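# Summary of the model geometry
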Amino acid sequence: MATHPMDDIPVRRLRFKLDEDGAEESHHPIWSRSCPDFSMIINALGIHVPYFERFLVEVMRKYRGELSDPKLEKDVHALMGQEAFHAFNFVGWTKAMAHYYPGLTKLDDEAREYFEHALATRDKKFQIGFTAGYETFTFLGGMIVLDRYEEFMADADPKIRALWVWHQVEEVEHGAVAFDFYKAFYPKAEWYRRWMVVYAFGHILGQTFKAYAAMVRGEGYYRKPLRALRAWRFFLSFGWDLAYAAFPVLRRKYHPRNHPKCNEEQNRVAVAWREHISRGADPLSLTDGDVEQMLERV
Amino acid sequence: MRKWRCAICNHVYDEAEGDPDSGIAPGTKMEDVPDDWCCPDCGAEKADFELIEE
């Protein structure tokens with residue numbers, strides 16, 4: 001029997017080194033030829049998510065000593081490891097992308113300052129609640145992206161594809177931990193949890209909108225109005241998919257382990273990738289041949 | 001006694017405190033910490049720690 005993807009969360013200490021000299025020449029931000037607009041929206045998400053991930057690590061570090069459930073303590077430790085490595089790698093990818101889109105540096109600074117300010121000034125309930133709310137969408141986003149792998153990444157830069165597959169697989173693996181962390185502190189504060197889900201969605205959408213706009217402009221799509229229109233239609237469609245997937249999250253009895261997107265059938269790409277990595281394959285690159293081979297095995 | 005910061009997760013290794021949970025006694029200098037020691041928070045390697053300049 002297959003284990004649930006949220007059991008026994010591993011920390012994979014990967015380093016993609018995308019902030020090294022020359023990386024920006026080797027990897028174009030429009031890294032998916034299958035779906036260039038997907039490249040932009042996922043890149044846009046990747047501007048602010050690393051600073052949220054650092055915020056999450058600090059929030060967990062600050063309050064984990066108050067936990068009493070050893071299983072949750074173990075999961076929190078793994079979550080911190082996964083998120084710390086995500087943030088480290090994605091900040092590097094933003095640096096590489098800033099060579100193409102100079103406006104990103106300002107957005108990167110704003111994202112960092114927002115989360116540093118939230119860590120310094122917001123109360124414990126907000127910090128833990130916002131973490132749980134935000135993690136709702138990194139988890140759901142991970143599921144959506146993996147479910148639509150063929151459409152989004154079938155033809156893509158092997159390194160950036162590997163970066164995102166790794167990220168999305170791990171977001172699903174630890175998708176319940178921030179929720180459980182919140183429940184450990186505020187088991188009865190359901191309305192506040194729901195409010196934080198809505199609040200986090202608004203924040204993610206707003207930040208992603210700004211970064212996506214910079215990328216649409218940077219790609220010169222406004223010189224071709226139909227192309228710009230298509231790009232924005234994709235943005236709205238992806239945003240709607242994310243919001244729609246979040247409806248079950250608002251139920252009183254919700255738990256991420258039971259989200260229909262997670263428990264009905266394990267995602268084939270995620271299963272294949274884990275198997276691929278466990279065989280000792282290079283996790284830093286996913287060529288078309290690698291993907292074909294790994295999918296054949298499951 | 002110096003302090004070192006993990007470049008991956010910002011955990012601080014304080015030589016004065018060591019890392020007793022990992023068997024590193026208080027007062028252990030970073031150069032005396034075994035090379036296979038990992039960041040207790042994120043699992044990064046010892047080499048990922050950077051000296052915090054006072």
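Refer to the structure above for everything that follows.
Reading the values: rules and limits
Residues numbered from 1 in each chain as written. Chains lettered and ligands numbered in written order. Predicted model: local features only at pLDDT ≥ 70, side-chain atom pairs only at ≥ 80, totals over all residues. Heavy atoms only, no water. Helix = DSSP H or I, 4+ residues; strand = E, 2+ residues; numbered from the N terminus. Expected span 1.5 Å × (residues − 1). Buried < 20%, exposed > 50% of the residue type's maximum accessible area, 1.4 Å probe, protein only. Contact = heavy atoms within 4.5 Å. Buried area = accessible area lost by both parts, 1.4 Å probe. Salt bridge = Lys/Arg side-chain N within 4 Å of Asp/Glu carboxyl O. Nonpolar A, V, L, I, M, F, W, Y, C, P; charged D, E, K, R; others polar.

In this section: helix H10 (residues 225-245) of chain A. The first and last C-alpha atoms of H10(A) sit 30 Å apart over 21 residues, in line with the 30 Å expected at 1.5 Å per residue. Those residues of H10(A) that fall on the buried side of the exposure criterion are Arg227(A), Ala228(A), Ala231(A), Trp232(A), Phe234(A), Phe235(A), Phe238(A), Gly239(A), Leu242(A), Ala243(A) and Ala245(A).

Moving on, we get to the side chain of Gln168(A). Inspection of the secondary structure puts Gln168(A) in helix H7 (residues 158-173). Excluding residues within four positions of it along the chain, Gln168(A) makes contact with Ile42(A), Gly141(A), Gly142(A), Val145(A) and Leu146(A).

Our next topic: the interface of chain A and chain B. Quite often, the size of an interface is put as the accessible area lost when its parts meet. Contacts between chain A and chain B engage 13 residues on the former and 13 residues on the latter. Both faces combined, the contact of chain A with chain B buries some 990 Å², and carbon together with sulfur accounts for 42% of it. Among the residues of chain A in contact with chain B, Arg13(A), Arg15(A) and Arg61(A) are the three that bury the most area, contributing 40% of the side total. With a closest N to O distance of 2.5 Å, Asp41(B) and Arg61(A) form a salt bridge. Residue assignment for the side of chain A that touches chain B shows that the elements contributing at least two residues are helix H2 (36-63) and helix H3 (70-97) of chain A. Among the elements that take part in the side of chain A that touches chain B, H3(A) stands out by supplying six residues, more than any other. Across the side of chain A that touches chain B, the residue classes tally to six nonpolar, two polar and five charged.

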